[in-house]
Amino acid sequence: MEKLNSTKERIIFESLNLFSQKGYDGVSMRDIAAAVGIKGASIYNHFKGKEEIFNAIFNEMTKRYDTIAGSLAIPQGNANEIAHTYMQITESDLQLIAQGLFSFFIKDDFACKFRKMLIGEQYKNKLARDTLKKYFFEEPIKYQTELFDNMIKQGAFGAFDPQIMALHFYSPILFLLMANDITNDSERLEQIIQSHVYQFSKIYNKNL
């Protein structure tokens, strides 16, 4: 359990915990205050209501993802620059990035509960539904399609359909991410991720 330095942080974390278990509508401000260990009225000194707390959870998740992306040295910049950088890294580096992100989403307590909350709330809350689509479906495919398209143009890959390549690369990762929620077998799944990256490279990288 990570150390929380302020009441506001504790409110955000305890709210996420409750939302992931009971759903947004099943939790009251009084419930959150009790979980934090403060008086019911005191919580309003930090947040106006549940919606503001809900939005703060999403902001916290964005910060956490940006932090892990930075620690894994995931290439940044425009699509052409990112593609050029990926062409310079080794297959082992790519495996470390894929495993690092996978590990974050299955081992970080905040990230796990965030995903659980999104899945549970997607049919009732537009923000949750839109964020689930963005984080786990639309953005990864869009990013990887642009990346592979540029890497094809720069000669790293053969003349394949970049969107299909993105689906080939990302779909098994998403499947294993969801599978871990059921099997809780992260060590074995991380090894599969490593093998997946290796085989993907062998199939598409024309220089190997």
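Starting afresh in each chain, residues are numbered from 1 along the sequence in its written order. The model is predicted, so local features are restricted to residues of pLDDT at least 70 and side-chain atom pairs to those at 80 or more, both for listing and for counting; the totals for chains, interfaces and linings are taken over all residues. Only hydrogens and water are set aside when side-chain values are computed; all heavy atoms of the structure are taken into account.

(A) Fine view of the overall build of the protein. Working definition: helices are DSSP H or I runs of at least four residues, strands are E runs of at least two. Numbering for both runs from the N terminus. Counting its secondary structure elements, the protein contains nine helices and zero strands. Taken from the N to the C terminus, the helices and strands of the protein come in the order α-α-α-α-α-α-α-α-α. Each principal axis of the C-alpha distribution contributes one length, and for the protein these read about 65 × 35 × 30 Å. All accessibility values rest on the Shrake-Rupley procedure with a 1.4 Å probe; residue burial counts only the protein chains present in the view. Roughly 11600 Å² of accessible area belongs to the protein as shown, and the carbon and sulfur atoms make up 52% of that amount. Here the protein carries 24 positive and 25 negative side-chain charges, and the mean point of each set is 6 Å from the other. Counted as positive: Lys and Arg. Counted as negative: Asp and Glu, with His and the chain ends omitted from the count. Charge placement uses NZ in Lys and CZ in Arg. For Asp and Glu, CG and CD serve respectively.

(B) Region of interest: the nonpolar core. Residues enter a nonpolar core if they are buried and are Ala, Val, Leu, Ile, Met, Phe, Trp, Tyr or Cys, with the set joined through side-chain atoms within 4.5 Å. Using a 1.4 Å probe on the protein chains alone, a residue whose accessible area is under 20% of its type maximum counts as buried, one over 50% counts as exposed, and one in between counts as partly exposed. In terms of nonpolar packing, the biggest core is built from 62 residues, with Ile32, Ile57, Phe114, Met117, Phe136 and Phe148 touching the most fellow members. Take this core: its biggest share by element is nine residues, from helix 7 (residues 126-153). When neighbours within four sequence positions are excluded, phenylalanine 136 is seen to be in contact with Phe105, Arg115, Leu118, Tyr170, Leu174 and Leu177. Residue contacts are defined here by distance: any two heavy atoms, one from each residue, within 4.5 Å place the two residues in contact.

(C) Geometry of helix 5 (residues 91-107). The end-to-end C-alpha separation of helix 5 is 24 Å, in line with the 24 Å expected for 17 residues at 1.5 Å each. Inspection of helix 5 places Gln95, Ile97, Ala98, Gln99, Gly100, Leu101, Phe102, Ser103, Phe104, Phe105 and Ile106 among the buried residues, and these make up the whole buried set. Packing partners of the buried residues in helix 5 comprise helix 3 (50-71), helix 4 (79-88), helix 6 (109-121), helix 7, helix 8 (162-183) and helix 9 (186-204). To estimate how far a helix should extend, the number of its residues minus one is multiplied by 1.5 Å.

(D) The arrangement of the side chain of glutamine 122 in detail. Take glutamine 122: it is sitting in the loop between helix 6 and helix 7. When residues no more than four places from it in sequence are discounted, the contact partners of glutamine 122 are Ala128, Arg129 and Leu132.

(E) How the structure looks around the packing of aromatic side chains. Paired rings are identified among Phe, Tyr and Trp, the last through its six-membered ring, by centres lying within 6.5 Å, and are further divided according to the angle between planes into stacked (under 30 degrees), edge-to-face (over 60) and tilted (the rest). Using the criterion set out here, one finds 18 aromatic pairs in the structure. Note on phenylalanine 104 and phenylalanine 105: the rings are 5.1 Å apart at their centroids and 70 degrees apart in plane angle, and the pair reads as edge-to-face. Aromatic pair phenylalanine 148 and phenylalanine 169: ring centres 6.1 Å apart, planes at 80 degrees, arrangement edge-to-face. With a gap of 21 residues between them, phenylalanine 148 in helix 7 and phenylalanine 169 in helix 8 connect regions that are remote in the sequence. For the pair shown, phenylalanine 148 and phenylalanine 169 are each scored as buried.

(F) The arrangement of the packing of helix 7 against helix 8 in detail. The N-to-C vectors of helix 7 and helix 8 enclose an angle of 140 degrees; their axes lie 8 Å apart at closest approach. Compared by their axis directions, helix 7 and helix 8 come out oblique. Of the two elements, helix 7 crosses helix 8, and the hand of that crossing is right-handed. Contacts between helix 7 and helix 8 involve Tyr135, Phe136, Phe137, Pro140, Ile141, Gln144, Thr145, Phe148, Asp149 and Ile152 from the former and Pro162, Gln163, Met165, Ala166, Leu167, Phe169, Tyr170, Leu174 and Leu177 from the latter. With axes taken as lines fitted to C-alpha atoms, and helix axes fitted only over the stretch in contact, angles between N-to-C directions fall between 0 and 180 degrees. Each angle receives one of four descriptions, namely roughly parallel if under 35 degrees, roughly antiparallel if over 145, roughly perpendicular if within 65 to 115, and oblique otherwise. Handedness of each helix crossing follows the sense of rotation of the near helix against the far helix: counterclockwise by less than a right angle gives left-handed, clockwise gives right-handed.

(G) Seen up close, the side chain of glutamate 121. Relative to the helices and strands, glutamate 121 is located in helix 6. According to the relative accessible area criterion, glutamate 121 is buried, its value standing at 2%. Look past the residues within four positions of glutamate 121 in its chain and what remains in contact with it is Gly23, Tyr24 and Ala128.

(H) Here's a closer look at the layout of surface pockets. Computed over the protein atoms alone on a 1 Å grid, cavities are sets of points where a 1.4 Å probe fits but cannot get out and pockets are open sets with protein on both sides within 12 Å along at least five of seven lines; a residue lines them when it has an atom within 4 Å of a point. Grid points are joined across faces, edges and corners, and a volume is the space filled by probe spheres set on the points. By volume, the largest pocket amounts to about 1200 Å³. Residue lining of the largest pocket: 42 residues in total, with Tyr65, Tyr86, Leu101, Tyr143 and Gln144 positioned closest to the centre. Top contributing element to the lining of the largest pocket by residue count: helix 7, with twelve residues.

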